[in-house]
Structure formats: structure tokens, C-alpha cells
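# Survey of secondary and tertiary structure
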Amino acid sequence: MSGLGEQSFSFEALRAAGYAVHGGADLGEVLVTCRQIPEGDEEAWSVQWAATAARIERIGRDALAAGHRVSAREALLRASNYYRTADFYRRENPAADAESARLARASRQTFADAAALLDTPARALSVPYEDTTLPGYLFLADDSGTPRPTVLFHGGYDSTLEEDYFALAAGALRRGYNVIAFDGPGQGGTVREQGLHFRPDWEAVVTPVVDLTATAPTILREGAIPRAAVEAALSRYPG
């Protein structure tokens with residue numbers, strides 16, 4: 001690739017496609033979408049990915065209406081990832097970008113509808129944080145109520161809560177872990193909808209999530225927590 005835009009497009013296309021292993025993409029859909037996008041054209045990127053997302057969402061809605069739970073779930077999961085991908089480069093003025101807001105809402109809604117169709121439906125969480133809450137999901141490996149090691153997870157600078165399922169939660173569930181995924185301030189919808197921004201003392205973000213696990217007896221008996229979360233949590237729980 002000759003230019004930064006093309007390199008970035010390649011990276012983000014691979015990012016979207018990489019989630020195919022956990023049901024977040026179909027390689028054929030990714031390739032067909034990318035074929036319609038001129039190199040470096042961010043508007044075309046958004047338009048084409050949004051069109052693919054809408055088409056796959058319709059497939060999911062139709063499947064759900066027909067009582068095909070698995071087909072509906074699979075299509076809605078892919079649509080969520082594609083809507084996220086469509087929104088990725090709309091960064092010039094996202095606070096005033098109605099299309100960016102629409103795409104973000106669609107990504108969240110399609111995922112929420114798919115999450116309800118998981119074999120063990122995910123539970124939406126509201127994590128107490130200062131004078132507001134942070135959005136999250138509790139993913140359970142099964143519905144037995146058996147306490148299991150639990151992973152606390154959040155993404156990075158440009159990640160979303162919904163993407164966390166493909167990035168980590170789906171794989172952890174297959175291996176018998178429960179997962180709490182959440183958006184911190186500055187991630188996902190917390191910026192646009194709550195006016196929250198990143199902060200350097202990230203332990204103030206992770207600590208309420210750690211505290212939340214103590215109120216859910218089926219979640220934590222032993223912790224399997226990412227290193228960053230451990231380091232943040234240790235600032236509150238030394239020793």
C-alpha cells in the first residue's frame with residue numbers, strides 16, 4: 001500500500017474480518033464490501049460498510065421473525081461489527097455527525113438483540129461510576145449458577161463494548177470463563193451520550209467494576225483478570 005489511508009483501510013478491514021472466528025464477520029461479505037471502496041475514500045468506506053450492515057441486519061430481522069433464533073443471532077452479530085466498522089472513520093466532528101450517531105446506535109442495538117439470543121443470554125450491566133454509570137455486559141459460560149473464574153475486560157482507544165465480545169468474550173466463554181466487559185469513560189458511547197472522557201488514573205474506572213463483582217455470587221470466586229486491570233486494581237487493593 002502506498003499511502004497511510006490505504007494502510008489504515010487494510011488494517012481496519014482485517015480487524016473486521018478477524019472477528020469471523022467468533023461470528024463477527026463473514027469473509028465473503030468483507031471482501032465484497034471492500035471491493036466497492038476506492039482507496040483512501042473515507043466517505044465511501046462508511047457508505048459501503050453501512051449498506052452491508054443494513055443488508056445483514058435485514059437478514060437477521062427476517063430470520064428472527066420466522067423463528068430462526070440461531071440464524072438471527074449470527075446475522076445480528078455480524079451487522080453490529082459492520083456498523084462499528086462503518087462508523088470508524090467518521091471522526092472529524094462526531095459530536096455533530098448524525099450519521100455517526102446512527103451507526104453507533106445501530107451497532108449497539110443489533111448487538112443487544114443478538115446478545116439476548118446467545119445460548120446463555122448476556123446481561124446488560126450499569127456499573128456505578130461517580131455520579132453516573134458505565135455500560136457493560138455480563139457474559140456467562142452457562143446458566144448453572146456455578147461460580148467460575150471471571151475475566152474483566154475493556155478495549156482500547158477506539159474499541160467499543162460490543163466489539164469486546166468478538167475480541168475476547170466469545171473465546172473466554174468457550175473455555176469456561178465468565179466475562180464482564182465494559183466501556184470506560186472515553187470509550188464507545190460514553191463520549192457522545194454521557195460526555196465522559198479518558199482519564200489518567202484509570203484505577204478509578206476499574207475499581208467500581210471490581211467492586212461490582214463482589215455483589216454477584218455467581219461471578220467471582222477466583223479472578224482471571226487482564227494485566228492492566230490487575231495493575232489498576234492493585235492501587236486500591238494492595239498486598
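So, how was this worked out
- Residues numbered from 1 in each chain as written.
- Predicted model: local features only at pLDDT ≥ 70, side-chain atom pairs only at ≥ 80, totals over all residues.
- Heavy atoms only, no water.
- Helix = DSSP H or I, 4+ residues; strand = E, 2+ residues; numbered from the N terminus.
- Buried < 20%, exposed > 50% of the residue type's maximum accessible area, 1.4 Å probe, protein only.
- Areas by Shrake-Rupley, 256 points an atom, 1.4 Å probe, with all protein chains shown as cover.
- 1 Å grid on protein atoms, 1.4 Å probe; cavity = no way out; pocket = protein on both sides within 12 Å on 5 of 7 lines; lining within 4 Å.
- Points joined across faces, edges and corners; volume = space filled by probe spheres on them.
- Nonpolar A, V, L, I, M, F, W, Y, C, P; charged D, E, K, R; others polar.
- Axes fitted to C-alpha atoms, helices over the stretch in contact; angles between N-to-C directions.
- Left-handed = near helix turned anticlockwise from the far one by under 90°.
- Contact = heavy atoms within 4.5 Å.
- Core = buried A, V, L, I, M, F, W, Y, C linked by side-chain atoms within 4.5 Å.
- pLDDT = per-residue confidence, 0-100.
- Arc of directions from axis to C-beta.
- Polar contact = N/O pair within 3.5 Å; in protein donor to acceptor, adjacent residues only side chain to side chain.
- Pairing = 2+ DSSP bridges.

Bringing the overall build of the protein chain into the picture now. Summing up its helical and strand segments, the protein chain has 9 helices and 4 strands in all. Listed N to C, the secondary structure of the protein chain is α-α-α-α-α-β-β-β-α-β-α-α-α in terms of helices and strands. Evaluated residue by residue, the protein chain yields a buried proportion of 48% over its 239 residues. Roughly 11,800 Å² of accessible area belongs to the protein chain as shown, and the carbon and sulfur atoms make up 54% of that amount.

Moving on, we come to the layout of surface pockets. Vacant regions in the atomic arrangement are exposed by a probe of water-molecule size rolled over the atoms. Here the largest pocket defines a volume of roughly 600 Å³. Lining the largest pocket are 25 residues; nearest its centre among them are Asp87, Arg91, Gln187, Gly188 and Val191. Only helix H4 (69-87), helix H5 (98-115) and helix H7 (189-194) provide two or more residues apiece to the lining of the largest pocket. Broken down by element, the lining of the largest pocket gets its largest block of residues, 4 residues, from H5. Considered class by class, the residues forming the lining of the largest pocket number 10 nonpolar, 8 polar and 7 charged. Its boundaries defined by the atoms lining it, the second largest pocket holds a volume of some 400 Å³.

Moving on, we come to the packing of H4 against helix H6 (residues 161-174). Running from N to C, H4 and H6 cross one another at 120 degrees; their axes reach a closest spacing of 10 Å. Where H4 crosses over H6, the two elements pack in a sense that is left-handed. On H6, the residues that touch Leu77, Ser80, Asn81 and Arg84 of H4 are Glu162, Glu163, Tyr165 and Phe166. Among the residues making up the contact of H4 with H6, the classes are represented as 3 nonpolar, 2 polar and 3 charged.

On to the nonpolar core. Membership of the largest hydrophobic core comes to 24 residues, with the highest contact counts inside it found for Leu77, Phe111, Ala122, Tyr137, Phe139, Tyr165 and Val179. Of all the elements in the fold, those that place two or more residues in this core are H4, H5, strand E2 (132-139), strand E3 (150-153), H6 and strand E4 (178-182). For Tyr137, the residues in contact, after removing those within four places along its chain, are Phe111, Ala112, Ala115, Ala122, Arg123, Ala124, Leu125, Leu161, Val179, Ile180 and Ala181. Val30, Trp49, Tyr82 and Ala106 belong to the second largest nonpolar core, which has 22 residues in total.

Across the protein chain, pLDDT averages 88, with 88% of residues at or above 70. Here residues 220-239 is a poorly scored stretch, pLDDT under 50, and it has 30 contacts once near neighbours within four places are set aside; other chains count.

Okay, the side chain of Glu29 next. With respect to the element layout, Glu29 can be found in helix H2 (residues 27-35). Ignoring sequence-local partners within four residues, the contact set of Glu29 consists of Arg55, Ile56, Arg78 and Tyr82.

What follows deals with the packing of H2 against helix H3 (residues 42-65). Here H2 crosses H3 at 145 degrees, and the two axes come no closer than 9 Å. Note on packing geometry: the crossing formed by H2 with H3 is right-handed. Residue-level inspection shows Glu29, Val30, Thr33 and Cys34 of H2 in contact with H3, the latter providing Gln48, Trp49, Thr52, Arg55 and Ile56. Looking at the contact of H2 with H3 residue by residue, the class counts come to 4 nonpolar, 3 polar and 2 charged.

This brings us to the environment of Gly195. Mapped onto the elements of the fold, Gly195 is located in the loop between H7 and helix H8 (203-213). The partly exposed category is assigned to Gly195, whose relative accessible area is 46%. Counting along the chain gives 10 residues from Gly195 to Pro185, while the straight-line C-alpha distance between them is 8.4 Å.

Our next topic: H2. Of all the positions in H2, only Glu29, Val30 and Thr33 are classed as buried. On an axial view of H2, the arc spanned by its buried residues comes to 100 degrees, and they lie on one face. Turned more than 90 degrees away from the buried face of H2, the exposed residues are Leu27, Leu31 and Arg35. One side-chain oxygen at the N-terminal end of H2 lies 3.0 Å from the backbone nitrogen of Gly28; it belongs to Asp26.

Okay, the sheet that holds strand E1 (residues 123-129) next. Across the sheet, which stays open at both edges, the 4 strands sit in the order E1-E2-E4-E3 with mixed pairing between neighbours. The open sheet has two free edges, formed respectively by E1 and E3, since each of these has just one partner strand. The mean inter-strand angle of the sheet, taken between neighbouring strand axes irrespective of direction, is 25 degrees. Where E1 lies against E2, 7 bridges are found, and the strand directions are antiparallel. Pairing of Arg123 across the sheet is with Leu138, part of E2. Each of E2, E3 and E4 is contacted by H6, which is oriented at about 165 degrees to E4, the strand it contacts most.

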